[in-house]
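Spelled out, the chains give:
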Amino acid sequence: MKFRSILRQSAASLLASNGVYVYTFLCTVLLMRMLLPEDFGAVALAVALVGLIEILTTFSFNTVLIQQREQASLVRSVFQGALAVILLKVLLGAVFFVVLQSEYGPQIWHLFGLLMASKMFASVGPLLVARLEKRGDFLRAALVTGGANMVAVTVAVVAVYAGSGTYGLVLREVLPPVLIVAAMVAFQPELLPRDLRRLHRRQLRVVAAASTRLYFQRGAELAYMRVPLLMVESLFGSAALGLFSQATYLVTLVNRVTAIVNAHIATVFFNRNRRDAHETHTGFIWLFAANVVVALPLTLLLWLFSEQIVLLLWGESWLNAVAYVQLMAAMTLLLPIFTLLKSRLLGLRRNHAI
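Since the structure is predicted, the reported quantities are computational estimates derived from the model, not experimental observations.

**Q** Mind laying out unusual backbone geometry, listing which residues take part and the relevant values?
**A** Positive phi, normally seen in glycine, also occurs at Ser60, with a value near 50 degrees. For Ser60, the location among the structural elements is in the loop between helix H2 (37-56) and helix H3 (61-67). For Ser60, a relative accessible area of 12% puts it in the buried group. For Arg349, which is not glycine, the phi dihedral falls at a positive 65 degrees.

**Q** Could you give an account of the nonpolar core, naming the residues involved and the relevant values?
**A** Formed by 85 residues in total, the largest nonpolar core has its most connected members in Leu31, Val78, Phe112, Leu250 and Trp314. With 11 residues, the single largest contributor to this core is H2. By size, the runner-up hydrophobic cluster in this structure holds 14 residues, among which are Ala130, Phe138, Val261 and Phe284.

**Q** Just give me the short version of the environment of Thr282, but keep the residues and values in it.
**A** Tracing the backbone shows Thr282 in helix H13 (residues 277-304). Side-chain polar atoms of Thr282 contact the backbone oxygen of His278, separated by 2.9 Å.

**Q** A description of the pattern of salt bridges should follow, citing residues and the corresponding values.
**A** Inspection of every chain in the model, using the stated rule, returns 5 salt bridges. The partner of Glu221 in a salt bridge is Lys342, with the nearest N and O atoms 3.2 Å apart. One end of the pair, Glu221, is in helix H10 (residues 201-236); the other, Lys342, is in helix H16 (residues 331-347), with 121 residues separating them in the sequence. The same class applies to Glu221 and to Lys342, which are both buried. When salt bridges that share partners are traced, they join Arg218, Glu221 and Lys342 into one network.

What counts, and where the lines are drawn
- Residues numbered from 1 in each chain as written.
- Predicted model: local features only at pLDDT ≥ 70, side-chain atom pairs only at ≥ 80, totals over all residues.
- Heavy atoms only, no water.
- Helix = DSSP H or I, 4+ residues; strand = E, 2+ residues; numbered from the N terminus.
- Buried < 20%, exposed > 50% of the residue type's maximum accessible area, 1.4 Å probe, protein only.
- Core = buried A, V, L, I, M, F, W, Y, C linked by side-chain atoms within 4.5 Å.
- Polar contact = N/O pair within 3.5 Å; in protein donor to acceptor, adjacent residues only side chain to side chain.
- Salt bridge = Lys/Arg side-chain N within 4 Å of Asp/Glu carboxyl O.

Function-wise, these values are silent; they only describe arrangement.
What follows is the structure, encoded as structure tokens:
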């Protein structure tokens, strides 16, 4: 898999994902104009609580699928591992609710329950998408995930407009995993493993070892993204958390837009060329340069004109987010580069280095 061979897939996938992100971004602007920072703070808090469970149950099975040689027994073992993790999530969710029930109001726990239900699908959907990506079908994978996000944010806008408030907003987070699994089962049923009751002990050990090596890397990332949300809410309240979470959404926009290339395509590319140092180096240099060209001007724009951008997009009720955007503007450049560096290490199977 040479670097030139991925350019067409990269361009098509990036074009599709960019169209999706423009649409979802505009829908998010509508949501922010219809709701208050407190509403976004409530959803962010519920997401952070679910994130604590994800930290404890993240084994990156989709990466294992990409790194390991394709075999029916391996695929079956990965899906069996994912089903076991779903049961673990349910148990941990119940424990969290019992232990922390008195700490938060009923609304937060309602949102928590909806998000936990969607995580059952989120354990399976990425595996199906990863199988598509491993085959080199990046465009179809982008269309499935992008389409799910478009439908979800559209439903959220309609629900909020109809008066559902925070419960409508959370649909933006809840629906994508459900829709991805539904689409993959409907249109790509051959990607589902057969006879999940059969156990292959050697492959299960391989999957367990590989996913365990990835556990701390992915767990650290989730902790970095979720734990600060809980700290902000406990120290400054839900309104500050809403401002913080949406400022984070703005400065991580470039990273999400470029993830189809930096995370998905790059990981497969580096994995297939891990024994070709020249091709790997060439691909990395080109991708690194492209990220700098795209992200650096936007970083400067957010840092220098944060107040004007917040007023233009979100209105005066969100002016207190200006300081957050300005302080975090550097993430616009740093996160895409970090994602690319991580993908190179994952592709080279240097999981321990991350």
